Amino acid sequence: MPLIHRIIPAHRVESFLDEGLRFARCDSFVDVLEFRLAYCSFHAPQTWTWQDLQRSIGGSFKSAKVNEAISNASISCWFGWKEDAMAKAFMWDIYGKGAGAVRISVNPEHLISHLRWETGSSKTPGVACSVTYGFSESTVSPPEYYLLNGLTPSQHEHYDLFFHKHHFFDYEDEFRIVLFKSGPVAISLPIDVIEFVTLSPA
C-alpha cells in the first residue's frame, strides 16, 4: 500500500512526542456533518429531494442514536500526498495551520498492526479504511476495511458511515482509523513504525 501521511503543527509536536498519536472525538471536529451526512444519505428513500435530506440532517442532531455513535468514536486522520505542487502547498498550509510543521509518513499496514497490538489488551474496537467521497459505493472496487478487535452488533450496523465524506473534501485522499471509544485517545507511535519525517517548506 502507498504511504499515508499526517501533518503535525509545530505547537503540537511536543505533545506528539510525549503522548503519541492522538485520536480526536468525532463530535469535536469542525465539520459538524461528520457521520450525519452519510447516515442520512444512505437512509434516504430514492424519492427524497435535497430539501428532504436537509430536513433529515437537521433532525439527526436530536437523534440519540446518531449522537451516541458520534460521541463514542475517536478518529485519527491521515492522507495521501498528491504530486501536484499546488496541492502539496495547500496541504501544508491547511494542516500546518499556516506555520511550521512536520509530516509523519507511515505504511498503513504497519500502523494498523501496531494499533492492533496497542489496543489488544483493552479490546478497544476499531476500523481503518480509505475514505470514499460522494456517498457512493463501488461494487467493482469496494473499500477494504481493517478491523481492530472486532465490533459490537450496533457498531457493525454503522461503522462504514464514518468513511464517507462530501466530495468537496476529496483533495484529502484520506485514510482514517476510527476507535469506538469516547476520546480523546492517545496511543504511542514508536519510531520503527515511522518511515519518514519531513519538515515543512520555509
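Model, not experiment: these values are computed from the prediction. (Residues numbered from 1 in each chain as written. Predicted model: local features only at pLDDT ≥ 70, side-chain atom pairs only at ≥ 80, totals over all residues. Heavy atoms only, no water.)

### Some words on the overall build of the protein
Per the secondary structure count, the protein includes 7 helices and 11 strands. Here the protein has a C-alpha radius of gyration of 17 Å; the compact-globule value for 202 residues is 17 Å, and the two agree. Along the first, second and third principal axes, the C-alpha atoms of the protein reach 50 × 45 × 35 Å. Here the protein, with 202 residues, has 45% of them falling under the buried criterion. Residue pairs in contact within the protein that sit at least 24 positions apart in sequence constitute 84% of those at least 6 positions apart. (Helix = DSSP H or I, 4+ residues; strand = E, 2+ residues; numbered from the N terminus. Rg over C-alpha atoms; globule rule 2.2 N^0.38 Å. Buried < 20%, exposed > 50% of the residue type's maximum accessible area, 1.4 Å probe, protein only. Contact = heavy atoms within 4.5 Å.)

### Points about the confidence of the model for the protein
For the protein, mean pLDDT is 88; residues scoring 70 or higher make up 92% of the total. By mean pLDDT, the top-scoring element of the protein is strand β9 (residues 174-179) (96), and the lowest-scoring one is helix α5 (residues 85-95) (71). (pLDDT = per-residue confidence, 0-100.)

### With respect to the layout of surface pockets
The calculated volume of the largest pocket comes to roughly 1,100 Å³. For the largest pocket, the lining is made up of 32 residues, of which Arg6, Phe29, Cys77, Tyr95 and Lys97 are closest to its centre. Residue assignment for the lining of the largest pocket shows that the elements contributing at least two residues are β1 (4-9), α1 (10-19), β2 (21-25), β3 (74-79), α5 and β9. No other element matches the 5 residues that β3 contributes to the lining of the largest pocket. (1 Å grid on protein atoms, 1.4 Å probe; cavity = no way out; pocket = protein on both sides within 12 Å on 5 of 7 lines; lining within 4 Å. Points joined across faces, edges and corners; volume = space filled by probe spheres on them.)

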